[in-house]
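Coordinate inspection notes
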Amino acid sequence: MQTFDLADSDLRTLNSTLHAQNDDTNQTAWTIENPKGAHAIACGLDAPIEVTIKGSTGYYSAGMNQQATVNIKGSAGPGVAENMMSGKVVIDGDASQYAGATGHGGLLVVKGNASSRCGISMKGINIVVHGNIGHMSAFMAQSGNLVVCGDAGDALGDSCYEARMFVRGSVKSLGADCEEKEMRPEHLEILKDLLEQAESDAKPEEFKRYGSARNLYNFNIDNAY
Amino acid sequence: MCGIVGLFLKDKKLEPELGTMLTDMLVTMTDRGPDSAGIAIYGSDVDSKGKLTVQSDTPDVDFGNLAADLSAHVSGNVTSSQKDTHTVLEMQADQLATARSALKEIRPNVRVMSVGDTLEIYKEVGLPKDVAQRFEVAKMSGSHGIGHTRMATESAVTTMGAHPFNTGSDQCLVHNGSLSNHNSLRRRLRREGVHIETENDTEVGAAYLTWKMQNGSSLSEALESSLEDLDGFFTFVVGTKDGFGVVRDPIACKPAVMAETDQYVAFGSEYRALVNLPGIEDARVWEPEPATVYFWNH
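Residues numbered from 1 in each chain as written. Chains lettered and ligands numbered in written order. Predicted model: local features only at pLDDT ≥ 70, side-chain atom pairs only at ≥ 80, totals over all residues. Heavy atoms only, no water.

1. Description of the overall build of chain A
Counting secondary structure elements, chain A contains two helices and 11 strands. Listed N to C, the secondary structure of chain A is β-α-β-β-β-β-β-β-β-β-β-α-β in terms of helices and strands. Since a compact globule built from 225 residues should have a radius of gyration of about 17 Å, the 18 Å found for chain A is in line with a globular shape. Principal-axis analysis of the C-alpha atoms places the extent of chain A at approximately 60 × 40 × 30 Å. A buried classification covers 52% of the 225 residues belonging to chain A. Counting only contacts in chain A whose residues sit at least 6 apart along the sequence, the fraction spanning at least 24 positions is 25%. With an accessible surface of roughly 9700 Å², chain A has 46% of that area assigned to carbon and sulfur atoms. Averaged over its 18 positive side-chain charges, chain A has a centre that lies 3 Å from the centre of its 28 negative ones. (Helix = DSSP H or I, 4+ residues; strand = E, 2+ residues; numbered from the N terminus. Rg over C-alpha atoms; globule rule 2.2 N^0.38 Å. Buried < 20%, exposed > 50% of the residue type's maximum accessible area, 1.4 Å probe, protein only. Contact = heavy atoms within 4.5 Å. Areas by Shrake-Rupley, 256 points an atom, 1.4 Å probe, with all protein chains shown as cover. Lys, Arg positive; Asp, Glu negative; His and termini not counted. Charge placed at Lys NZ, Arg CZ, Asp CG, Glu CD.)

See below:
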């Protein structure tokens, strides 16, 4: 186990040390002490390592992640796991706005609540939020799954493409061109798998599925101002 | 960007530490806005006394005999306590309005930063660290306070464009964001007879709240109606003589984090600003909801 204390050393040294790990590294377990809300902690990782951050983080933690598992033992600031490609990011507390934005792959788990714009423009990432999500979540979401065990805020899935949204609680309002859809057996399978991976005890049958009504795909004069 | 910090103390034992804690919080937010910085502190309430905090770019010229010169225009004693470019003029609370108009005559270059029973506002161009040092903010005690560090977007970097803005007796406002309808609103408020000094968007926001309250709204009602009438991005933190409030616009893209313990309620643009507060590890930490007015009172 490698330990890095941000009270004693700077962030750039930490991130470049983590970037230096490759597929064959023996140093697979890292602990980061005293994050104290610093920005860009454990950004740009690309190795099969597990990093545990012991506290809350600021902007853009675990951004652009590939392969690595990043555990945040507190809450995360704006843009956590932004543009994740693969791997796993787990936040014990809450996530601020645009968590998992533009993510292409991997799994983001928020055990508390996520605020506005969660999964905005997601492109294949899976996101599981144990609590609630804020407004404008999954805006222009293209692919992947957004699973919400609590409630969703205003304008869920506005102008979304082919991402799937599963919400167990209430949805304050749906965004433009987003509608409730039939839950088919294959969706229950996807949900079961994601809930297991995210250590949630919610039942797939308790969720409703939302997705694109596909009316904004092609130019339609009635949609123009 | 801009950075905001705020601290509302529930535990009186922490009051001597208010200035030190706020300074530390504000300096941490320096990289959110290095243009100017300001701080509003609510100090002790002395019966029937009031304070006029004023600023001058030439303090040696303007502040020399200011208390004595002002005494000729108001009844009762006037004392002056100078810190760098600011001085706090203390007098009978019922003389504050008279003193303010007299000041325009006898010291036309002096600008009023704040008026109230307990409020003092200090603000200048420069880094938070330097501004806090010039006014010895760390030595100040008080029940609550608000700090701001500015990255200017809507108007010039000047003392008068710095935050906090005094919105009425013992009331102040700081803002992170930008208002997009401030020109039309400024014209509307000026037609209503409201005095607005600068081209700054936040001053319009502050004047709007003052005008609402002069027309019978409570502060929280004024904040509620700001959600309707102000267009643009804002996270506002407001201070009153015994309270502290927070409101974010419905889009809520300007960051905000709050923490509450038995000892205090704290606000920071980022969690970083809160990390040195006592007991933060066990505090309830959350992000304030969009379009929701939060308020704490003593």
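2. Examining the overall build of chain B
Within chain B one finds eight helices and 16 strands. Computed over its C-alpha atoms, the radius of gyration of chain B comes to 18 Å, within 12% of the 19 Å expected for a compact globule of 298 residues. For chain B, the proportion of its 298 residues judged to be buried stands at 59%. Put simply, of all contacts in chain B between residues at least 6 apart along the chain, 70% involve residues at least 24 apart. When the accessible surface of chain B is split by element, carbon and sulfur atoms take 47% of a total near 11700 Å². Taking the average location of the 27 positive side-chain charges in chain B and that of its 42 negative ones, the two points are 3 Å from each other.

3. Let's talk about the environment of phenylalanine 236 of chain B
Residue and element names in this part refer to chain B. Along the chain, phenylalanine 236 turns up in strand β11 (residues 232-239). Along the backbone, phenylalanine 236 and aspartate 170 are 66 residues apart, and their C-alpha atoms lie at a distance of 16 Å. Not counting residues within four places of it along the chain, the set of residues in contact with phenylalanine 236 comprises Leu173, Val174, His175, Leu230, Gly245, Val246 and Val247.

4. Focus on the packing of aromatic side chains
All names here are of chain B. What the rule picks out here adds up to eight aromatic pairs over all chains. Ring centres 6.3 Å apart and planes at 50° place the aromatic pair tyrosine 208 and tryptophan 211 in the tilted group. Remark: tryptophan 211 and tyrosine 208 occur in helix α7 (residues 201-214); sequence separation between them is three residues, near one turn of the helix. Aromatic side chains phenylalanine 234 and phenylalanine 236 sit 4.7 Å apart centroid to centroid with 20° between the ring planes, which places their arrangement in the stacked category. No difference in accessibility class separates phenylalanine 234 from phenylalanine 236, as the two residues are buried. Connected via pairs of aromatic rings, a cluster forms that spans Phe8, Phe244, Trp286, Tyr294 and Trp296. Taking NZ or CZ as reference, lysine 123 lies 4.3 Å from the ring centre of phenylalanine 165, over its face. Directly above the ring of tryptophan 286 sits arginine 284, whose terminal nitrogen or CZ lies 3.9 Å from the centroid. (Phe/Tyr/Trp six-rings, centres within 6.5 Å; stacked < 30°, edge-to-face > 60°. Lys NZ or Arg CZ within 6 Å of the ring centre and 35° of its normal.)

5. Points about the domain arrangement of chain B
Residue and element names in this part refer to chain B. In terms of domains, chain B is made up of domain 1 (3-44 + 126-297) and domain 2 (46-117). Computed over C-alpha atoms only, the centres of domain 1 and domain 2 are separated by 24 Å. Facing the 13 residues of domain 1 at the interface are 13 residues of domain 2. The interface formed by domain 1 and domain 2 holds two salt bridges in total. Between domain 1 and domain 2 we count five residue pairs in polar contact (both at pLDDT 80 or more) in total. Grouping the amino acids of the side of domain 1 that touches domain 2 by side-chain chemistry returns three nonpolar, five polar and five charged. (Domains from an automatic or database assignment. Salt bridge = Lys/Arg side-chain N within 4 Å of Asp/Glu carboxyl O. Polar contact = N/O pair within 3.5 Å; in protein donor to acceptor, adjacent residues only side chain to side chain. Nonpolar A, V, L, I, M, F, W, Y, C, P; charged D, E, K, R; others polar.)

6. Points about unusual backbone geometry
The peptide bond linking histidine 163 of chain B to proline 164 of chain B adopts the cis configuration, its omega dihedral lying at 0°. In this fold, proline 164 of chain B is placed in the loop between β8 (144-150) and β9 (165-168). Residue alanine 81 of chain A is not a glycine yet carries a positive backbone phi of 55°. The topology assignment puts alanine 81 of chain A in the loop between β4 (69-72) and β5 (88-91).

7. Re the side chain of histidine 148 of chain B
Examined against the element boundaries, histidine 148 of chain B turns out to sit in strand β8. Among all residues touching histidine 148 of chain B, those that are not within four sequence positions of it are Cys2, Gly3, Ile4, Leu26, Ser36, Ala37, Gly38, His163, Val174 and His175 of chain B.

8. With respect to the sheet that holds strand β3 (residues 49-55) of chain B
Residues and elements named next belong to chain B. In spatial order, the strands read β4-β5-β3-β6; together these four strands make up an open sheet with antiparallel pairing. Each edge of the sheet is formed by a strand with only one pairing partner; in this case those strands are β4 (79-83) and β6 (111-116). Neighbour-to-neighbour, the strand axes of the sheet open up by a mean angle of 20°, direction not taken into account. Where β3 lies against strand β5 (residues 86-92), seven bridges are found, and the strand directions are antiparallel. Considered in β5, the bridge of lysine 49 is made with glutamine 92. (Pairing = 2+ DSSP bridges. Axes fitted to C-alpha atoms, helices over the stretch in contact; angles between N-to-C directions.)

9. A short note on the sheet that holds strand β14 (residues 264-268) of chain B
Residue and element names in this part refer to chain B. Taken together, seven strands build an open sheet; the order of strands is β7-β2-β8-β1-β14-β13-β15 and the sheet is antiparallel. Strands with a single pairing partner mark the edges of an open sheet, and in this sheet they are β7 (119-125) and β15 (284-286). Between one strand axis and the next, the sheet turns by 10° as a mean value, whatever way the strands run. With seven bridges joining them, strand β2 (residues 36-42) and β8 adopt antiparallel strand pairing. Residue alanine 37 lies in a different strand from β8, and its bridge partner there is threonine 149. Packing of helix α1 (residues 18-28) onto the sheet brings it into contact with β1 (3-9), β2, β8 and β14, and relative to β1 it is tilted by some 155°.

10. Notes on the interface of chain A and chain B
Listed as interface residues are 13 residues of chain A and, on the opposing side, 14 residues of chain B. Summed over both sides, the interface between chain A and chain B buries roughly 970 Å², with carbon and sulfur atoms accounting for 47% of that surface. On the chain A side of the interface with chain B, the three residues burying the most area are Lys36, Tyr59 and His135 of chain A, jointly 40% of the side's total. The tally of links between chain A and chain B comes to zero salt bridges. (Buried area = accessible area lost by both parts, 1.4 Å probe.)

11. Regarding the pattern of salt bridges
Opposite charge on two side chains permits pairing when their charged atoms draw close. For the structure on display, the rule yields 24 salt bridges over all chains. Across the salt bridge formed by arginine 168 of chain A and glutamate 206 of chain A, the nearest N and O atoms sit 2.8 Å from each other. With arginine 168 of chain A in the loop between β9 (164-167) and β10 (178-181) and glutamate 206 of chain A in the loop between α2 (185-197) and β11 (208-212), this residue pair connects regions lying 38 residues apart in the sequence. The partly exposed category is assigned to arginine 168 of chain A, whose relative accessible area is 33%. A relative accessible area of 39% places glutamate 206 of chain A in the partly exposed class. Residues aspartate 11 of chain B and lysine 13 of chain B are paired through a salt bridge, measuring 3.9 Å at the closest nitrogen-oxygen approach. With relative accessibility at 69%, the residue lysine 13 of chain B sits in the exposed group.

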